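An overview of the molecular structure
If you want the building blocks of each chain, they are given just below.
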Amino acid sequence: MIIVLLGPPGTGKGTQAAAVKNRFGIPHISTGDIFRRNLAEGTPLGLKAKGYMEKGELVPDGLVLELVSDRLREPDCAKGFLLDGFPRTPVQAEELDRLLALQGTRIDHVALLEAPDGTVVGRLSGRRVCKSCGAVWHQTHNPPPESMICPKCSGEIYQRADDAAEAVLNRLKVYASQTGPLIGYYENKGLIRRVDGSKPPAEVEKALFQALS
Ligand code: AMP
């Protein structure tokens, strides 16, 4: 099963990806997580991506495509995978189709998580995450411990640079102009499954599983 999770930042793609991964037993490939890991480790890839990420801009297609084509060749992808945060531009989408065709496969579903801008701005600007294990809190709905030490893994809880209000607005603009066109691209192929991402996570999960069945 090959699934793409599409939707603006803050619609719960990361949360739902974990559920889909468990349900279908396929690896969760988040290009954002891969970039953040490289940034934390100070690798050349991380250093190249840093400036774009902090401003909420997209990393150039060439860098992203190299990373994804390497990742998809790993053995755990043989039975399918879930892509989260990729593709994000028409060039990336076309290149993904080409890569998959070379392997004799294609995308089964594109799940589109949707939520109004006001909802995602509120979610992202209040979001705090653990640098080590990725656990998530929200300043008002689910506040992190005052110590800002993760109770699960003792990692540091922080605000992602791109969750600051200015970067969030930029990410939404970038999504609308560069990623939005992918909805039509996948609609033409009959692959889009729309899911309301403004609901609580358990309801979104239920609707998502239904859409993928
Ligand atoms: P995310 O966690 O998916 O919101 O990604 C965080 C940041 O990583 C994005 O704002 C981009 O700077 C970069 N990034 C992640 N995936 C991609 C992609 N497919 N294309 C370009 N940039 C990406």
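Okay, so let's go over this structure. Numbering of residues begins from 1 in every chain and follows the order in which that chain's sequence is written. For a predicted model such as this one, the threshold for reporting local features is a pLDDT of at least 70, and the threshold for listing and counting side-chain atom pairs is 80 or more; totals across whole chains, interfaces and linings nevertheless cover every residue. Only hydrogens and water are set aside; all other atoms, that is, all heavy atoms of the structure, feed into the side-chain values.

For each residue, the test is whether any non-hydrogen atom lies within 4 Å of the molecule or strand; if one does, the residue is near. Residues in contact with the ligand amount to 16 residues; listed here are only the nearest, Thr31, Arg36, Glu57, Gly85 and Gln92. Identification of polar contacts relies on pairs of N or O atoms within 3.5 Å, with a donor-acceptor requirement for protein atoms, meaning one able to donate a hydrogen and the other able to accept it, and with residues adjacent in sequence counted only if both atoms are side-chain atoms. Taking valine 59, its main chain carries an N or O atom lying 3.0 Å from a nitrogen atom of the ligand. Contact between the ligand and glycine 85: a nitrogen atom at 2.9 Å from a main-chain N or O atom of the residue. We get accessible surface area from the Shrake-Rupley algorithm with a probe of 1.4 Å; when it comes to residues, only the shown protein chains can shield them. Contact with the protein chains hides 95% of the accessible area of the ligand, taken as 480 Å² for the molecule alone. Every helix listed is a DSSP run of H or I at least four residues long, and every strand listed is a run of E at least two residues long, numbered separately from the N terminus. Top contributing element to the shell around the ligand by residue count: helix α2 (residues 31-41), with four residues. In terms of residue class, the shell around the ligand is made up of six nonpolar, four polar and six charged. Think of it as three bins: nonpolar holds Ala, Val, Leu, Ile, Met, Phe, Trp, Tyr, Cys and Pro, charged holds Asp, Glu, Lys and Arg, and polar takes everything else, Gly as well.

All right, on to unusual backbone geometry then. Cis rather than trans, the peptide bond between phenylalanine 86 and proline 87 has omega equal to -5°. Tracing the backbone through its elements, the reader meets proline 87 in the loop between β3 (81-84) and α5 (90-102). Non-glycine residue methionine 148 carries a positive phi angle of around 55°. By the element assignment, methionine 148 lies in the loop between β6 (136-138) and β7 (157-158).

So, about helix α8 (residues 181-188). Those residues of α8 lying buried are Leu182, Ile183 and Tyr186. For α8, the buried positions fall inside an angular range of 105° around the axis, keeping them on one side. The inward-facing, buried residues of α8 contact β1 (2-6), α5, β4 (109-114), α7 (165-179) and β8 (192-196). In the segment just after α8, glycine 190 is the residue with positive phi, at about 70°. Accessibility here uses a 1.4 Å probe with only protein chains present; expressed as a share of the type maximum, an area under 20% marks a residue as buried, one over 50% as exposed, and anything in between as partly exposed. An arc is given here, and it is the one of the directions from the helix axis to the C-beta atoms. Should any heavy atoms of two residues lie within 4.5 Å, those residues are counted as being in contact.

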